[in-house]
Amino acid sequence: LKKALKYNPHHPSIGGLISTCENGTSLLQHFITKFGRKRTWDMLEKEISPYKNIPILHQMINCAPKETEEVTKRFPHALFLRDVNNRLPVHVALEKGIRWSNGLNSIIYANMEHLNDKDPITGYFPFALAAKEPRCDLRTINYLLRMHPGQIQSGIGNTRKKKKNKDDDSNNDNDNHGHSKRRRIE
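Residue positions are given per chain, counted from 1 along the sequence in the order it is written. In keeping with the predicted nature of the model, local features appear solely for residues at pLDDT of at least 70, side-chain atom pairs appear and are counted solely at 80 or more, and the whole-chain, interface and lining totals rest on all residues. Note that the side-chain values use all heavy atoms of the structure and ignore hydrogens as well as water.

Here's the deal with the confidence of the model for the protein
Scored between 0 and 100, pLDDT is the confidence that the predictor attaches to each residue. For the protein, the average pLDDT comes to 76, and 69% of its residues sit at 70 or higher. Each helix is a run of H or I in the DSSP string that is no shorter than four residues. Each strand is a run of E no shorter than two, and both are numbered from the N terminus. Across the protein, the secondary-structure element scoring lowest on mean pLDDT is helix H10 (residues 150-172), at 49, and the one scoring highest is helix H6 (residues 89-96), at 92. When the criterion is pLDDT under 50, residues 155-173 qualifies, and its contacts beyond four places in sequence or with other chains add up to five contacts. Any two residues whose heavy atoms approach within 4.5 Å are treated as being in contact. Between residues 177-186, whose pLDDT stays under 50, and residues either more than four places distant or in other chains, the model counts nine contacts.

Here we look at the nonpolar core
One finds Leu28, Trp41, Ile56, Met60 and Ile108 to be the most contacted residues of the largest nonpolar core, which totals 38 residues. Residue assignment for this core shows that the elements contributing at least two residues are helix H2 (27-35), helix H3 (37-48), helix H4 (56-63), H6, helix H7 (104-110), helix H8 (126-132) and helix H9 (138-147). Contact partners of Ile108, with chain neighbours within four places excluded, come to Val90, Trp100, Leu115, Thr140, Tyr143 and Leu144. Buried residues of nine kinds, namely Ala, Val, Leu, Ile, Met, Phe, Trp, Tyr and Cys, make up a nonpolar core once their side-chain atoms join them within 4.5 Å. Burial classes: relative accessible area under 20% of the type maximum marks a residue as buried, over 50% as exposed, and values in between as partly exposed (1.4 Å probe, protein chains only).

Some details on the pattern of salt bridges
Each reported salt bridge corresponds to a side-chain nitrogen of Lys or Arg within 4 Å of a carboxyl oxygen of Asp or Glu. Scanning the entire structure with this criterion turns up seven salt bridges. Here Lys38 ties to Asp42 by a salt bridge, and the two come within 2.8 Å at their closest N and O atoms. One end of the pair is Lys38 and the other is Asp42, both in helix H3 and four residues apart, which spans about a single turn. Among the residues examined, Lys38 registers a relative accessible area of 57% and is labelled exposed. What makes Asp42 partly exposed here is its relative accessible area of 31%.

Comments concerning the packing of aromatic side chains
Only the six-membered ring of Trp is used, alongside the rings of Phe and Tyr, when aromatic pairs are assigned; centres must lie within 6.5 Å, and planes under 30 degrees apart are stacked while those over 60 apart are edge-to-face, with the rest tilted. Overall, the coordinates contain four aromatic pairs when judged by the stated rule. Ring geometry for Trp100 and Tyr109: centres 5.8 Å apart, planes at 85°, overall edge-to-face. By relative accessible area, which is 8% here, Trp100 ends up buried. Geometrically, the ring pair formed by Tyr109 and Tyr143 is edge-to-face, given 6.0 Å between the ring centres and 85° between the ring planes. One end of the pair, Tyr109, is in helix H7; the other, Tyr143, is in helix H9, with 34 residues separating them in the sequence. Clustering of aromatic rings is evident, with ring pairs tying together Trp100, Tyr109 and Tyr143.

Section: H2
Of all the residues in H2, the buried ones are Leu28, Phe31 and Ile32. The arc enclosing the buried residues of H2, seen along the axis, measures out at 100°, which places them on a common side. Seen from the open side of H2, the exposed residues pointing more than 90 degrees away from its buried face are Thr33 and Lys34. Contact partners of the buried residues in H2: H3 and H4. At the C-terminal side of H2, Gly36 shows a positive phi close to 95°. To be clear, the arc concerns the directions from the helix axis to the C-beta atoms.

Observations regarding the packing of H2 against H3
H3 packs onto H2 with a crossing angle of 125° between their chain directions and a minimal axis gap of 7 Å. Here H2 is positioned oblique relative to H3, judged by the angle of their axes. Between H2 and H3, the residues in contact are Leu28, Phe31, Ile32 and Phe35 and Arg37, Arg39, Thr40, Trp41, Met43 and Leu44, respectively. In terms of residue class, the contact of H2 with H3 is made up of seven nonpolar, one polar and two charged. For helices, the fitted line uses only the C-alpha atoms of the stretch in contact; every axis is such a line through C-alpha atoms, and the angle between N-to-C directions lies from 0 to 180 degrees. Orientation labels follow simple angle bins: below 35 degrees gives roughly parallel, above 145 gives roughly antiparallel, 65 to 115 gives roughly perpendicular, and whatever is left gives oblique. The nonpolar class holds Ala, Val, Leu, Ile, Met, Phe, Trp, Tyr, Cys and Pro. Asp, Glu, Lys and Arg form the charged class, and all remaining residues, Gly among them, are polar.

Here's what the structure looks like:
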């Protein structure tokens, strides 16, 4: 574990820790099985803590979502880190369908001021990231919409303006009886 982390802790697999082994499990899962959850996470905390800019939470959400809560407890600074794509953990968690009860609540509460920010990759607001993911629960979508109702209201307002302008343009092409005017080509 120490050798893997010292080799390249900034690699997306966190030094191979969340790489998939031949038997289909990750090295992390192998360590948890062999040494137990507490001992494995104690070792990880000791070895990863000196590296403050590792987006460990992003990686765990992607590769080992069941470990999300453990990461948020042991590496609380990871809740605020952005990855190389400028994404926050809240964007990754919502896109992956992490459920409210599986650690999403702590990620959302830590990122309250960023819940109005669009995801830099998808361009979606957090509520839309949650809504497009079939595994996401309705409680999450409801909470996000209640926190920032303006996100949906601004979208509806823009749609109405476009529709109105479109109708205005089409009315200009009709005579008083609703029939299309024919334009003379000269």
